[in-house]
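Chain residues, written in single-letter form:
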Amino acid sequence: MSASDNYATSTTATLAPRIITEADLEALELGAAVLGTGGGGNPYIGKLRTRELLRSGKKVKLISLHDLPDDALVVSVGGIGAPVVGIEKLEHGDECYQALKAVEAEVGKPISALIPAEIGGANSMEPMLTAAQAGLPVVDADGMGRAFPELQMCTFFIYGHKPAPAAIADDKGNKVVFREVIDMYWLERLARAVTVQMGAAAGYADAPMTAGYLKKYAIPNTVSQALNLGYAIQKARQEKRHPVEEVLRVERGKLVFEGKITDVRRELKGGFAVGKVDLEGFSKFQAEQASIDIQNENLIFWRGERAEVTVPDLIIMLDSDNGTPITTEVLRYGQRVAVLGLPCHSLLRSPEALEVIGPAAFGYDIPYEPLEDS
């Protein structure tokens, strides 16, 4: 089946239910890297592992939340750590599955489905891999509509989901279960501290949620959105059209800058990749200067001294020629990039959400201005 056979013309169109194919994995890898806003880790290794399970006869079914009864239990799984570690230190491959089994044993009830905590980057692929290992479906939704660096920055927690019992597991066979945690911030602090000791990379499984809760507070159809994006970029390349323009069309986004990377400052700090990228404009942005602050993901786009696009809206860097998403761990001097801004989902713009994922939550004394108003 070709990319064009699978391609949907709008990211609002859901593709669930469906059985995930190898072609879907290729599209998901590409689309999720776009939505990852520079972070979420590289999905390549997870794609290869999932592909091998599909070839061995395992199946992954993508379903809508509305395919589940309200009392069905759903668990979000994903990787935790610094994305740069993910390309230097290979995981065992079943960390999320082991964390899932630990949570299921703790609650003593069967889990009906998995859901990505974030659709961006590697954490779009981890639920697929874990679903193939566990024989469970994946829900076409997530808790971020993008990627964020911390566990509490998820609509599940923002709108009241309890933080425990949760679990993390590493490549060496260690499992840590968080039985009683007072709030989502403490879950992040404790899980992050353990992850650093595990080598700055681990798999996690959150406390089970009911499908009824997720029908209110999960961001819907985001797996389909990533698939559609990936197929759109593939189709544009096949037809010799500009992939960056196709992403802007499909996502109704805004080209905020085109330029060359002139400096990258990045360090591993507290389990995060933090730093800054400097850009010098070309094309219609000739002679302009810009920069992007990063904490795993792209946080703030600065045009000169003005913060023009901020979290929770999506700041995406693509290769300006072929539309390949550029994640923060592979940024380098001389890359020619297009910087895109995409509006975030309305669930991320409420007052309670902005307390957790707005600029102030990352230490910036600047207001959030929706991208559409900038």
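Just above sits the structure.
Quick look at the structure, then. In this text, all values refer to a predicted model and were calculated from it rather than measured experimentally.

The final tally for this structure, using the stated rule, is 4 aromatic pairs. Centroid distance Tyr-159 to Tyr-217: 5.0 Å. Interplanar angle 10°. Geometry classified as stacked. Highlighted residues: Tyr-159 in the loop between helix 7 (155-158) and strand 7 (166-169) and Tyr-217 in helix 9 (residues 211-217), separated in sequence by 58 residues. Ring plane angle 50° and centroid distance 6.0 Å describe the contact between Phe-257 and Phe-301, whose orientation is recorded as tilted. Placement of the pair is Phe-257 in strand 12 (residues 254-269) and Phe-301 in strand 15 (residues 297-303), with a sequence separation of 44 residues. There is no split in this pair, since Phe-257 and Phe-301 are both buried. Taken together, the ring pairs in this structure connect Tyr-159, Tyr-213 and Tyr-217 into an aromatic cluster. Over the ring of Phe-148 we find Arg-146, and its NZ or CZ is 4.1 Å from the ring centre. The ring of Phe-282 has Arg-336 lying over it, and the distance from NZ or CZ to the ring centre is 4.2 Å.

Here we come to a nonpolar patch on the surface. On the surface, Ile-182, Trp-186 and Leu-190 cluster together into a nonpolar patch covering about 310 Å² of accessible area. Its location among the elements puts Leu-190 in helix 8 (residues 184-197). Its relative accessible area of 35% is what places Leu-190 among the partly exposed residues.

The rules behind each value
Residues numbered from 1 in each chain as written. Predicted model: local features only at pLDDT ≥ 70, side-chain atom pairs only at ≥ 80, totals over all residues. Heavy atoms only, no water. Phe/Tyr/Trp six-rings, centres within 6.5 Å; stacked < 30°, edge-to-face > 60°. Helix = DSSP H or I, 4+ residues; strand = E, 2+ residues; numbered from the N terminus. Buried < 20%, exposed > 50% of the residue type's maximum accessible area, 1.4 Å probe, protein only. Lys NZ or Arg CZ within 6 Å of the ring centre and 35° of its normal. Patch = residues over 30% accessible without salt bridge, like charges linked within 9 Å, V, L, I, M, F, W, Y side chains within 5 Å. Areas by Shrake-Rupley, 256 points an atom, 1.4 Å probe, with all protein chains shown as cover. Salt bridge = Lys/Arg side-chain N within 4 Å of Asp/Glu carboxyl O.

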